[in-house]
Amino acid sequence: MTTVAVVPVQRLESAKTRLAGLLSPDARARLVLGLLERVVGAARRAALVDMVVVVSPDPVVLARADGLGVGGLRQDGRGLNAAIALGRAAALREGADTLLVLLGDLPLVTASDIDALVAACDEPGVVLAPDRHGRGTNALAVRPPAALEPSFGEDSLERHRRAAAARGLAVCEYHARGTALDLDTALDLELLNQTGVVDVAR
């Protein structure tokens, strides 16, 4: 089995705008890059991940990916699902039989979370990791990679469930603290601070 993890990251200038009342543009950029380091680090430590690809239209993000020792893929346009499509194409070129999508803002995700998520994926099948609200999707594993069209965004969890069922794919969900908390709002930051993990943005 070959698993390629795709980590999509948007332009730093437009990232985390819901935190604009709390953080300056520079602080938000540092936050995004710090989160990226955590997610990529966890993916690199995961025993069941063979390759990590960061997809972004932002040259600073791609340079950080290079510094972290993983592949960077430039996205000419915009959009989360378009970025994932680029990453999936790269994964298929590498002969991957499993695509893992990890959103780039998961401060608590661990290598153990990632290994458990990948191990739970049947063939053909999908594993969904919901956000803490039970509406969004923070990570997804699909085997084979083209079995399901990712549809990230608001209320994506139910869309992914329905799309997988329509294709007759086995579906399971992975619930863990490490995949449930993403950073978008002031409350998310408060919850992160309560865990003691406060050094994300350096």
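Coordinates for the structure precede this section.
Okay, so let's go over this structure. Nothing here was measured: the structure is a model prediction, and the numbers come from that model.

1. So, helix H3 (residues 80-93)
Count 3.6 residues to each turn of an α-helix, and residues three or four apart come out pointing the same way. Over its 14 residues, H3 extends 20 Å from the first C-alpha to the last, a length consistent with the 20 Å expected when each residue adds 1.5 Å. Inspection of H3 places Ala83, Ile84, Gly87, Arg88, Ala90 and Ala91 among the buried residues, and these make up the whole buried set. Projected down its long axis, H3 carries its buried residues within an arc of 160°, all on one side. Summarising the contacts, the buried residues of H3 are in contact with strand E1 (3-8), strand E2 (51-56), strand E3 (71-74) and strand E4 (98-102). Backbone geometry just downstream of H3 places Gly95 in the positive-phi region, at approximately 80°.

2. Let's talk about the pairing of strand E5 (residues 125-130)
Among the 6 residues that make up E5, 6 are buried, leaving the element largely enclosed by the rest of the structure. In the sheet, E5 pairs with strand E6 (residues 137-143) via 6 bridges, with the strands oriented antiparallel. Across the sheet, the residue bridging to Gly125 is Arg143, located in E6. Where E5 folds back on E6, the antiparallel hairpin that results is connected by 6 residues, among which Gly134 adopts a positive phi of roughly 75°. The pairing of E5 with strand E7 (residues 170-173) spans 4 bridges and is parallel. Residue pairing across strands places Val126 opposite Val171, the latter belonging to E7.

3. Re the pairing of E1
Of all 6 residues making up E1, 6 are buried, and the element is well covered by its neighbours. Across the two faces of E1 the burial is the same, with Thr3, Ala5 and Val7 and Val4, Val6 and Pro8 all buried. Of the strand pairs in this sheet, E1 and E4 are connected by 4 bridges, and their pairing is parallel. Residue pairing in the sheet places Val6 in a bridge with Val101 of E4. For the crossover that starts at E1, traverses helix H1 (residues 25-45) and ends in the parallel E2, the hand is right-handed.

4. Looking at the sheet that holds E6
Ordered in space as E3-E2-E1-E4-E6-E5-E7, the 7 strands form an open sheet in which the pairing is mixed. If you trace the sheet from one side to the other, it starts and ends with E3 and E7, each paired once. In this sheet, adjacent strand axes meet at a mean angle of 20° when their direction is disregarded.

5. Overview of the environment of Asp188
When you line up the elements, Asp188 lands in helix H7 (residues 186-195). The buried category is assigned to Asp188, whose relative accessible area is 3%. Discounting chain neighbours no more than four positions away, the residues touching Asp188 are Arg132, Leu181, Asp182 and Leu183. Among the polar contacts made by the side chain of Asp188, one reaches the side chain of Arg132 at a distance of 2.9 Å. At 2.9 Å, the side chain of Asp188 and the backbone nitrogen of Asp184 are in polar contact.

6. Considering the side chain of Asp113
The residue Asp113 is located in helix H4 (residues 111-119) in this model. No salt bridge is formed by the buried Asp113; the nearest opposite charge belongs to Arg177, separated by 7.5 Å. Every residue in contact with Asp113, bar those within four places of it in the chain, is listed here: Leu108, Tyr174, Ala176, Gly178 and Thr179.

7. Remarks on the environment of Leu73
Tracing the backbone through its elements, the reader meets Leu73 in strand E3. Once residues lying within four places of it in the same chain are set aside, the contact partners of Leu73 are Val53, Val54, Val55, Ser56, Leu62, Leu86, Gly87 and Ala90.

The rules behind these values
- Here, residues in each chain are numbered from 1, in the same order as that chain's written sequence.
- Restriction of local features to residues with pLDDT of at least 70 applies here, the model being predicted, together with a cutoff of 80 or more for giving and counting side-chain atom pairs; totals for whole chains, interfaces and linings are based on all residues.
- Calculated side-chain values reflect all of the structure's heavy atoms, with hydrogen atoms and water omitted.
- For the purposes of this entry, the term helix denotes a DSSP run of H or I that reaches at least four residues, the term strand denotes a run of E that reaches at least two, and both are numbered from the N terminus.
- The span you would expect from a helix comes to 1.5 Å times its residue count less one.
- Each residue's exposure class comes from its accessible area (1.4 Å probe, protein chains only) as a fraction of the maximum for that residue type: buried when under 20%, exposed when over 50%, partly exposed otherwise.
- Directions from the helix axis toward the C-beta atoms define the arc.
- Contacts are assigned to residue pairs that have any heavy atoms within 4.5 Å of one another.
- Whether two strands pair depends on DSSP finding at least two bridges between them.
- A right-handed crossover is one whose linking path, passing over the helix from the first strand to the second, runs clockwise when the strands point away from the viewer.
- Lines fitted to C-alpha atoms define the axes here, with helix axes fitted over just the stretch in contact, and angles between the N-to-C directions of these axes take values from 0 to 180 degrees.
- Polar contact criterion, stated in full: a pair of N or O atoms within 3.5 Å, where within protein one must be able to donate a hydrogen and the other to accept it, and residues adjacent in sequence count only if both atoms are side-chain atoms.
- A residue counts as positive if it is Lys or Arg and as negative if it is Asp or Glu; His and the chain ends are not included.
- By definition, a salt bridge exists where a carboxyl oxygen of Asp or Glu is found within 4 Å of a side-chain nitrogen of Lys or Arg.

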